[in-house]
Amino acid sequence: MQCSKDGFRICRTTFRSGRWLWARHSSTKLFVGGLSYDTNEAVLKDAFGQHGEIIEVKVICDHVSGRSKGYGFVRFTSEITATIALKEMDDQMLDGRNIRVHYAHRG
C-alpha cells in the first residue's frame, strides 16, 4: 500500500514479526517552486550544484511566450545529494525570491 503525505512517498512493509514499518522514500529528482521568472537553468544549476553532481536541470516555460512558469526540476546522481540539497535549499533566497524545494512526484 502506498500513499503520499507532505511530499514524501510513504510505503508500508511487513516483516516476519508481523510489525509494520513506515518509511519515507526519497528521490534523486527535486521540484523547485517559487522561482523568479528571470531564473534560468544555468542559475538553477549553479545554485544546486554546490550540493552534489547534477544530471539534469529543467525550468518549465510557457510554450507560447517562452517565459518561465516559476518552477523547475533538478535531478541529482544520488538520493543522498538530493536530500542534502533539499534540506539546504528549501526556503532559501534565489534571484530575489524564497524558493520551495520538495521531492518530485511521479504523476
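Residues numbered from 1 in each chain as written. Predicted model: local features only at pLDDT ≥ 70, side-chain atom pairs only at ≥ 80, totals over all residues. Heavy atoms only, no water.

The chain is annotated in an unreviewed UniProt entry as RRM domain-containing protein of Castanea mollissima.

Draft legend 1. Spotlight on the sheet that holds strand β5 (residues 54-61). One open sheet holds the four strands; their spatial order is β5-β6-β4-β9, and the pairing between them is antiparallel. The open sheet is flanked by β5 and β9 (100-103), the only strands paired with a single partner. Sheet twist, expressed as the mean angle between neighbouring strand axes with direction ignored, is 20 degrees. Both β5 and strand β6 (residues 68-76) contribute to a ladder of six bridges, which runs antiparallel. (Pairing = 2+ DSSP bridges. Helix = DSSP H or I, 4+ residues; strand = E, 2+ residues; numbered from the N terminus. Axes fitted to C-alpha atoms, helices over the stretch in contact; angles between N-to-C directions.)

Draft legend 2. Geometry of the pattern of salt bridges. This model, assessed by the stated rule, comprises one salt bridge. With a closest N to O distance of 3.9 Å, arginine 75 and glutamate 56 form a salt bridge. With arginine 75 in strand β6 and glutamate 56 in strand β5, this pair connects stretches of sequence that are 19 residues apart. Overall, the relative accessible area of 25% leaves arginine 75 in the partly exposed class. (Salt bridge = Lys/Arg side-chain N within 4 Å of Asp/Glu carboxyl O. Buried < 20%, exposed > 50% of the residue type's maximum accessible area, 1.4 Å probe, protein only.)

Draft legend 3. Molecular detail of the side chain of threonine 39. Within the secondary structure, threonine 39 is located in the loop between β4 (29-33) and α1 (41-49). For threonine 39, a relative accessible area of 3% corresponds to the buried category. A polar side-chain atom of threonine 39 sits 2.7 Å from a polar atom in the side chain of aspartate 95. Excluding residues that lie within four positions of it along the chain, threonine 39 makes contacts with Leu44, Val59, Leu94 and Asp95. (Polar contact = N/O pair within 3.5 Å; in protein donor to acceptor, adjacent residues only side chain to side chain. Contact = heavy atoms within 4.5 Å.)

Draft legend 4. Structural context of the environment of methionine 93. Along the chain, methionine 93 turns up in strand β7 (residues 93-94). Residue class for methionine 93 comes out exposed when judged on its relative accessible area of 56%. As a C-alpha pair, methionine 93 and glycine 34 span 59 residues in sequence and 9.9 Å in three-dimensional space.

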